[in-house]
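# Observations on chain architecture
Listed here are the chains, written in short residue letters.
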Amino acid sequence: MEGTDIQTGNKDTNSKHDHTYYGNGCPNTWGNDGDLGSNTACSTRIVQTDDTENQKNGTYYHNQAATLGEGDAMGTDNAITPDTFCPLGWQLPYGGTGGDYYNKSKSFNYLITLYGYSSGEIGSKKMRSYPISYVLSGRYYWVQAMLYMQTIRTHFWTSTNKSGGNYYYFNLGPDYFVDNDFTGKKMGLALRCIPELAT
């Protein structure tokens, strides 16, 4: 495959390629801030919610895979992807900072407002507990072929574009969350699909 390093297998600098990665990196060598990635497999994919529910850490989706090949061609801020990898009848939550959908019922912004969460340690703890139960899944970066921040932070794609090279995502950790953060489209993030149709 063009752009792939044979030595590492998953390394790829081409944002137009579609990738998924079923994560199993080593969190114990990363340090507290997760700024060192891991390319070593560990023995478990289990990550706990804050109220100790065990969840299997699932698949990381390159933006092209998450948006069914539409994401790389988008350049307009707050534009919504026409389709996503979610099953029929489901969608990625809306994100961004404006536009028609960022605060509608299927957005991270609406969810936070509905539950009255504030972006601090208490709000983050609530997001990682029942009924939302987000896990600290981290992210996979194809340019380096490394898994980052598993057990340290949660990164979920939204359906909303930021720019030609960036996409909005939900960023959650033990101390704060950002519902309209953005990152490069070459990142591999987790998906949390929700039922379709904004109101």
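Summarised in this report is the structure supplied together with it. (Residues numbered from 1 in each chain as written. Predicted model: local features only at pLDDT ≥ 70, side-chain atom pairs only at ≥ 80, totals over all residues. Heavy atoms only, no water.)

### Description of the pattern of salt bridges
- Applying the stated criterion across every chain yields a total of four salt bridges.
- A salt bridge links Lys16 to Asp72; its shortest N-O distance comes to 3.3 Å. In this pair, Lys16 is assigned in the segment before strand E1 (20-22) and Asp72 in the loop between helix H1 (63-66) and strand E5 (90-91), connecting sequence segments 56 residues apart.
- Exposure remark for Lys16: the relative accessible area of 57% places this residue in the exposed category.
- The partner of Asp50 in a salt bridge is Lys125, and the shortest N-O contact between them spans 2.6 Å. Here Asp50, found in the loop between strand E2 (46-48) and strand E3 (54-56), pairs with Lys125, found in helix H3 (residues 121-127); they are 75 residues apart in sequence, far enough to count as distant.
- Overlapping salt bridges bring together Asp50, Lys125 and Arg128 as one network. (Salt bridge = Lys/Arg side-chain N within 4 Å of Asp/Glu carboxyl O. Helix = DSSP H or I, 4+ residues; strand = E, 2+ residues; numbered from the N terminus. Buried < 20%, exposed > 50% of the residue type's maximum accessible area, 1.4 Å probe, protein only.)

### With respect to the layout of surface pockets
- Size it by volume and the largest pocket reaches roughly 220 Å³.
- Surrounding the largest pocket, Pro93, Ser105, Lys106, Ser107, Phe108, Leu111, Ile132, Tyr134, Arg192, Cys193, Ile194 and Pro195 form its lining.
- For the lining of the largest pocket, the elements supplying multiple residues, two or more each, are helix H2 (108-115) and strand E12 (194-195).
- Residue composition of the lining of the largest pocket, grouped by class: eight nonpolar, two polar and two charged. (1 Å grid on protein atoms, 1.4 Å probe; cavity = no way out; pocket = protein on both sides within 12 Å on 5 of 7 lines; lining within 4 Å. Points joined across faces, edges and corners; volume = space filled by probe spheres on them. Nonpolar A, V, L, I, M, F, W, Y, C, P; charged D, E, K, R; others polar.)

### A few points about the sheet that holds strand E11 (residues 187-189)
- The antiparallel open sheet is built from five strands, whose spatial order is E1-E4-E11-E6-E7. Pairing within the sheet leaves two strands with one partner each, and these edge strands are E1 and strand E7 (146-148). With strand direction ignored, the average angle separating the axes of adjacent strands in the sheet is 30°. (Pairing = 2+ DSSP bridges. Axes fitted to C-alpha atoms, helices over the stretch in contact; angles between N-to-C directions.)

### Observations regarding the sheet that holds strand E10 (residues 177-184)
- In spatial order, the strands read E8-E9-E10; together these three strands make up an open sheet with antiparallel pairing. The open sheet has two edge strands, strand E8 (154-161) and E10, and neither has a second partner. Geometrically, the sheet is characterised by an average inter-axis angle of 35° between neighbouring strands, direction not taken into account.
- Where strand E9 (residues 166-172) and E10 come together, six bridges link them in antiparallel fashion. Within E10, the residue paired with Tyr167 across the bridge is Thr183.
- Contacts from H2 reach E8, E9 and E10, with the element oriented near 165° to E10. (Contact = heavy atoms within 4.5 Å.)

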